[in-house]
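Listed below are the residues making up each chain.
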Amino acid sequence: NSAFSLVGGFAIFSIVGNIAYNINAAGGSTTVAEQARAGTGLAFIAIAQGMTTFGDGTNVMSVLFFMVLLTLGLDSTFAWVETFMASIEDYLE
């Protein structure tokens, strides 16, 4: 879990750095800190921008990314429900 978070952080901020670089190369003026102000939605902004760099594999990578998000969400839901059910079972015993 920690390794996934670490790799994800490197991926997101690499893409955000690329976005800032492209804005500055086009004559704008921005920093990575300014581009990273989106909060929890940053992953969706950065990955959507990063998906455009995959060329012919854009659609495949997009589907894979959102399938990973779906399975992570389902896994978190199962863990929450299991914790809730265990606390109910402990209370009833």
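Above: the structure in question.
We now turn to the structure provided with this report.

What counts as what
- Residues numbered from 1 in each chain as written.
- Predicted model: local features only at pLDDT ≥ 70, side-chain atom pairs only at ≥ 80, totals over all residues.
- Heavy atoms only, no water.
- Phe/Tyr/Trp six-rings, centres within 6.5 Å; stacked < 30°, edge-to-face > 60°.
- Buried < 20%, exposed > 50% of the residue type's maximum accessible area, 1.4 Å probe, protein only.
- Axes fitted to C-alpha atoms, helices over the stretch in contact; angles between N-to-C directions.
- Helix = DSSP H or I, 4+ residues; strand = E, 2+ residues; numbered from the N terminus.
- Parallel < 35°, antiparallel > 145°, perpendicular 65-115°, else oblique.
- Left-handed = near helix turned anticlockwise from the far one by under 90°.
- Contact = heavy atoms within 4.5 Å.
- Nonpolar A, V, L, I, M, F, W, Y, C, P; charged D, E, K, R; others polar.
- Core = buried A, V, L, I, M, F, W, Y, C linked by side-chain atoms within 4.5 Å.
- Polar contact = N/O pair within 3.5 Å; in protein donor to acceptor, adjacent residues only side chain to side chain.

### Quick notes on the packing of aromatic side chains
Enumeration according to the criterion identifies two aromatic pairs in this entry. Here phenylalanine 65 and phenylalanine 66 contribute two aromatic rings whose centre-to-centre distance is 4.9 Å and whose plane-to-plane angle is 75°, an arrangement assigned as edge-to-face. A relative accessible area of 17% means that phenylalanine 65 is categorised as buried. Ring geometry for tryptophan 80 versus phenylalanine 84: centroids 5.7 Å apart, planes at 0°, classification stacked.

### Observations regarding the packing of helix α1 (residues 2-25) against helix α3 (residues 42-51)
Relative orientation of the contacting elements α1 and α3 amounts to 65°, with a least axis distance of 9 Å. Between α1 and α3, the angle is such that the two are roughly perpendicular. Between α1 and α3 lies a crossing of left-handed hand. Contacts from Ile12, Phe13, Ile15, Val16 and Ile19 of α1 reach α3 at Leu42, Ala43, Ala46, Ile47, Gln49 and Gly50. Taken together, the residues that form the contact of α1 with α3 break down as nine nonpolar, two polar and no charged.

### Things to note about the nonpolar core
Grouped together as the largest cluster of nonpolar side chains are nine residues: Ile12, Ile15, Val16, Ile19, Leu42, Ala46, Ile47, Met51 and Phe65. Beyond its immediate stretch of four places on either side in the chain, leucine 42 contacts Ile12, Phe13, Val16, Gln35 and Ala36.

### Some thoughts on the packing of α3 against helix α4 (residues 58-92)
At a closest axis distance of 10 Å, the pairing of α3 and α4 adopts a crossing angle of 155°. One finds that α3 runs roughly antiparallel with respect to α4. Both α3 and α4 take part in a crossing whose hand is right-handed. Taken together, the residues of α4 that come into contact with α3 (itself represented by Phe44, Ile47 and Met51) are Thr58, Met61, Ser62, Phe65, Phe66 and Leu69.

### Regarding the environment of glycine 73
In this fold, glycine 73 is placed in helix α4. When the C-alpha atoms of glycine 73 and tyrosine 21 are compared, they prove to be 32 Å apart, with 52 residues separating the residues in sequence.

### Here we look at the side chain of threonine 30
Inspection of the secondary structure assignment puts threonine 30 in the loop between α1 and α2 (32-35). Residue threonine 30 is classed as buried on the basis of its relative accessible area, which comes to 11%. A polar contact of 2.9 Å, which involves the side chain of threonine 30, links it to the side chain of glutamate 34. When neighbours within four sequence positions are excluded, threonine 30 is seen to be in contact with Ala20, Ile23, Asn24 and Gln35.

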